[in-house]
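These are the residues of each chain, in order.
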Amino acid sequence: MMFFAHGNDPSFLPPIELFGNWVLAMVTLLMAAGLARMALAPLFSQDDEPKSRSEIAGWTAISMGVLVAMATWITRQSLVEAMAPPPAPAEHAHSIYHGGQMVMWGDYHAEVARAVSGEYRVWLTDVYRRSISAEYFSGTIYPREPKSGKLGPGIELEKSLDNDYLMAVMDRDIKSVEVFLKYPGNTIRLDFEFDSAQGRKSVKEWCGR
Amino acid sequence: MEVSKFFAEWHPVMVHFPIALLYFAVCLDLFGFITRNARAAWAGLVLTAAGTVGLMMAFITGNYAEIVAAHQQIQQKPIGDHEAWATATSWTFIMLTAWRSYLKPASVSYRKNMSFYLLAAILTLGCLTVTGYKGGRLVYDHGAGVNIPTSALPHPATPQDLANLSLKNSWEELEYSGMMHHVFGWLTLGLALWQAYQHFQLPGQERARALGPIMLTGGGIFLMICSDWDAWPLGNTLPITDPEVLFHKILATIMIFFGIGMNLARRRPKGEVNSLQSHLLAILALVGGGMLFTHVHTGAPFSTTAMGVYVQHFVVGCLALACGGVKMLETVKPEYKKLWDRCWIFLLIVIAVNLIWYVEGFPWYIHNEA
């Protein structure tokens, strides 16, 4: 599979960004060559003995080779990336990282986990399952009657200390909840049931990622 | 964030200079070309240089404006588009300015070369227009830099944008980057001491001349292989087109190139070798220093660490330009050669100290109120 990641962002670089970076690289290499040529020009006009002249020619060839090789490498890679077929629809990996339940909508993924102590945690991730900081979303958790769907009084979800997730502690007996999430541009309501025939079990203790 | 905001606020001020100056510069060049007016041609050259400096200032402040806009939760794709056009435009104008400086009305091939230059300049003005247009749309369509609440933005950030904003470098990545800066700090200190050794005419000059090229070429090869955490061998998961990797590899290439060049300089008559070697090193400082302004931290581009790194690269970039500039003054005022040489060595030591004490994040001399 052809996959071009850039830094920690796995999305493709658009052609214009590839072009901008290519121009930057080529101008730098050209300027390095041009300025060095100006400084070293007298060296080539000296009437040296043939041995010395061939040595100068050899070193010049090596240095120019370094520049040409780098320029070729950058150009080739830029062209390959620019002409690569558009990325296939992103694979929505639905692995569970925290022992909770996964939901997906649009390019968002959320995992909601419950501990036996009654603590609920909500993690939000993007299409590539990269973590979204709790600084950028908020929410409320409501106890929910499993059969009627009736909601009880909600509790505001709090940010964890490292902003990795949102959390709230509810009564130990509440195992069916509705999570209301607010994220840039939209909101969503998600229903979860733990420790029943349909839902996952509550975790005994939190495991790391 | 405060430091980024300070620089970002200058971006809308700076962008006007290159747009006005470069358009007028090309108009004057065109007028001078058609009417064979040497004074217009001279003014065109001066304005092209001034406009390109303005372009650089707009670019540097733009890097900070990008961070502030991303934290404002503006969509990152249109910001990336604007930046890509700005990169292509800025570096093409740098090349055009260098080209233009060689076009003298008195020379035989002036008219032929000038016509090609004007064609290239007019095309690049098109790129400048697109850059300005895209920057304007960022404000009018997306509300970049506009004082409105995030919830009122017309185009909310995508999940990928939010994940990019949430990125943080791992401890290993930061340690590795810090270590690489320290290695190159010691290398720069070595080069400064080597230059001082030659300046003070200490014994064994013949052998000492070989040291600089060895340090520079060796450093370049080391950087080529070890530049980035987890980036060797390069593959499809972190290719050379990654802006951060690209920057490191180009720097490595020009280090190797100038290392070989400095070795070639040893072929010059004995008295000139020292001067030529240090001039080549100064050119490297100018090119490398200029590149530092466009350095992108792709690991976690909008983190507080990245903001600090941009500030440090800006400072080292300015020092490198000052370094190269001082050495170039030697060609204008050769009677003060001793003074220029000492300033040059001093500035190299300052850069070395800056790199040896480098930490990933804000330097000790900047108080950033997060």
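## Some thoughts on the overall build of chain B
- Within chain B, the regular secondary structure consists of 13 helices and zero strands.
- Traced from its N-terminal end to its C-terminal end, chain B shows the element sequence α-α-α-α-α-α-α-α-α-α-α-α-α.
- In terms of C-alpha radius of gyration, chain B reaches 22 Å, essentially the compact-globule figure of 21 Å for 370 residues.
- Out of the 370 residues in chain B, the part that is buried amounts to 57%.
- At a minimum sequence separation of 6, the contacts of chain B that also span at least 24 residues come to 77%.
- Of the accessible surface of chain B, which amounts to about 16500 Å², a share of 70% is contributed by carbon and sulfur atoms.

## As for unusual backbone geometry
- At Asn-163 of chain A, a position not held by glycine, the phi torsion is positive, near 60°.
- As for its placement among the helices and strands, Asn-163 of chain A is situated in the loop between strand S7 (158-159) and strand S8 (166-169).
- The backbone of Gln-73 of chain B sits at a positive phi, close to 70°, despite the residue not being glycine.
- As for its placement among the helices and strands, Gln-73 of chain B is situated in the loop between helix H4 (38-71) and helix H5 (76-101).
- On the basis of relative accessibility, which here comes to 9%, the residue Gln-73 of chain B falls in the buried class.

## Looking at the nonpolar core
- Formed by 71 residues in total, the largest nonpolar core has its most connected members in Phe-258, Leu-280 and Leu-281 of chain B.
- Of the residues forming this core, the biggest block, 14 residues, is contributed by helix H10 (residues 243-265) of chain B.

## Here we look at the environment of Thr-52 of chain B
All names here are of chain B.
- Within the secondary structure, Thr-52 is located in helix H4.
- The exposure class assigned to Thr-52 is buried, which follows from its relative accessible area of 7%.
- On a C-alpha basis, the gap between Thr-52 and Leu-347 in space is 25 Å, while along the polypeptide they are 295 residues apart.
- When near neighbours in sequence (up to four residues on either side) are disregarded, Thr-52 contacts Leu-22, Phe-93, Ile-94 and Thr-97.

## Points about the packing of helix H3 (residues 16-35) of chain B against helix H6 (residues 110-140) of chain B
All names here are of chain B.
- Relative to each other, H3 and H6 sit at 155°, their axes nearing to 10 Å. Classified by the interaxial angle, the pair formed by H3 and H6 is roughly antiparallel. Where H3 crosses over H6, the handedness of that crossing is left-handed. Between H3 and H6, the contacting residues are Pro-18, Ile-19, Leu-22, Tyr-23, Val-26, Asp-29, Leu-30 and Phe-33 on the first element and Arg-111, Met-114, Ser-115, Tyr-117, Leu-118, Ala-121, Ile-122, Leu-125, Leu-128 and Thr-129 on the second.
- Of the residues in the contact of H3 with H6, the class split is 14 nonpolar, two polar and two charged.

## Structural notes on a nonpolar patch on the surface
- On the surface, Phe-6, Trp-10, Val-13 and Phe-17 of chain B cluster together to form a nonpolar patch covering roughly 410 Å² of accessible area.
- Mapping Trp-10 of chain B onto the fold places it in the loop between helix H1 (2-8) and helix H2 (11-14).

## Examining the packing of aromatic side chains
- Evaluated as defined, the whole model comprises 15 aromatic pairs over all chains.
- Seen in terms of ring centroids, Tyr-120 of chain A and Phe-194 of chain A are 5.8 Å apart; in terms of plane orientation they differ by 70°. Their pairing is edge-to-face. One end of the pair, Tyr-120 of chain A, is in strand S3 (residues 119-125); the other, Phe-194 of chain A, is in the segment after strand S10 (186-193), with 74 residues separating them in the sequence. Both residues of the pair, Tyr-120 of chain A and Phe-194 of chain A, belong to the buried class.
- Here Phe-257 of chain B and Phe-258 of chain B contribute two aromatic rings whose centre-to-centre distance is 5.3 Å and whose plane-to-plane angle is 80°, an arrangement assigned as edge-to-face. Residue Phe-257 of chain B shares its accessibility class with Phe-258 of chain B, and that shared class is buried.
- Grouped by ring-pair contacts, the aromatic residues Phe-6, Phe-7, Tyr-64, Phe-293 and Phe-314 of chain B constitute a single cluster.
- A cation over a ring is seen here: Arg-100 of chain B above Tyr-117 of chain B, with NZ or CZ 6.0 Å from the ring centre.
- Lying over the aromatic face of Phe-33 of chain B, Arg-111 of chain B brings its terminal NZ or CZ to 4.2 Å of the ring centre.

## Let's talk about the side chain of Arg-121 of chain A
- Looking at the secondary structure, you find Arg-121 of chain A in strand S3.
- Classification of Arg-121 of chain A by relative accessible area gives buried; the value is 13%.

## Some thoughts on the pattern of salt bridges
Residues and elements named next belong to chain A.
- All told, the structure shown has twelve salt bridges over all chains when counted by the stated rule.
- Residue Asp-195 is joined to Lys-175 by a salt bridge in which the shortest nitrogen-to-oxygen separation is 3.4 Å. Of this pair, Asp-195 sits in the segment after S10 while Lys-175 sits in the loop between S8 and strand S9 (176-183), and the two are 20 residues apart along the sequence.
- Overall, the relative accessible area of 27% leaves Asp-195 in the partly exposed class.
- Taken together, the shared-partner salt bridges in this structure form one network comprising Arg-114, Lys-175 and Asp-195.

## Brief notes about the sheet that holds S10 of chain A
- One open sheet accounts for four strands, arranged S6-S5-S9-S10 (chain A); its pairing is antiparallel. Edge positions in the sheet fall to strand S6 (155-156) and S10 of chain A, since each of these pairs with one other strand and no more.

## Points about the interface of chain B and chain A
- Each partner contributes residues to the interface: chain B has 59 residues there, and chain A has 61 residues.
- In total, about 5300 Å² of surface goes out of reach between chain B and chain A, with carbon and sulfur atoms giving 73% of it.
- Sorting the residues of chain B by area buried against chain A places Phe-257, Leu-264 and Arg-267 of chain B first, and these three jointly supply 13% of that buried surface.
- Viewed at the interface, chain A and chain B are joined by zero salt bridges.
- The interface formed by chain B and chain A contains four residue pairs in polar contact (both at pLDDT 80 or more).
- Counting residues per element, the ones that place at least two in the side of chain B that touches chain A are H5, helix H7 (159-166), H10 and helix H11 (270-292) of chain B.
- Element by element, the count of residues in the side of chain B that touches chain A is highest for H10 of chain B, at 14 residues.

## A short note on the environment of Met-255 of chain B
All names here are of chain B.
- Summarising the element assignment, Met-255 is placed in helix H10.
- Sequence-wise, Met-255 and Leu-223 are 32 residues apart; in three dimensions their C-alpha atoms are separated by 9.1 Å.
- For Met-255, the residues in contact, after removing those within four places along its chain, are Phe-184, Leu-187, Leu-216, Thr-217, Gly-219, Gly-220, Leu-223 and Leu-284.

Analysis parameters
Residues numbered from 1 in each chain as written. Chains lettered and ligands numbered in written order. Predicted model: local features only at pLDDT ≥ 70, side-chain atom pairs only at ≥ 80, totals over all residues. Heavy atoms only, no water. Helix = DSSP H or I, 4+ residues; strand = E, 2+ residues; numbered from the N terminus. Rg over C-alpha atoms; globule rule 2.2 N^0.38 Å. Buried < 20%, exposed > 50% of the residue type's maximum accessible area, 1.4 Å probe, protein only. Contact = heavy atoms within 4.5 Å. Areas by Shrake-Rupley, 256 points an atom, 1.4 Å probe, with all protein chains shown as cover. Core = buried A, V, L, I, M, F, W, Y, C linked by side-chain atoms within 4.5 Å. Axes fitted to C-alpha atoms, helices over the stretch in contact; angles between N-to-C directions. Parallel < 35°, antiparallel > 145°, perpendicular 65-115°, else oblique. Left-handed = near helix turned anticlockwise from the far one by under 90°. Nonpolar A, V, L, I, M, F, W, Y, C, P; charged D, E, K, R; others polar. Patch = residues over 30% accessible without salt bridge, like charges linked within 9 Å, V, L, I, M, F, W, Y side chains within 5 Å. Salt bridge = Lys/Arg side-chain N within 4 Å of Asp/Glu carboxyl O. Phe/Tyr/Trp six-rings, centres within 6.5 Å; stacked < 30°, edge-to-face > 60°. Lys NZ or Arg CZ within 6 Å of the ring centre and 35° of its normal. Pairing = 2+ DSSP bridges. Buried area = accessible area lost by both parts, 1.4 Å probe. Polar contact = N/O pair within 3.5 Å; in protein donor to acceptor, adjacent residues only side chain to side chain.

Such coordinate-based values are descriptive only and should not be taken to indicate function.
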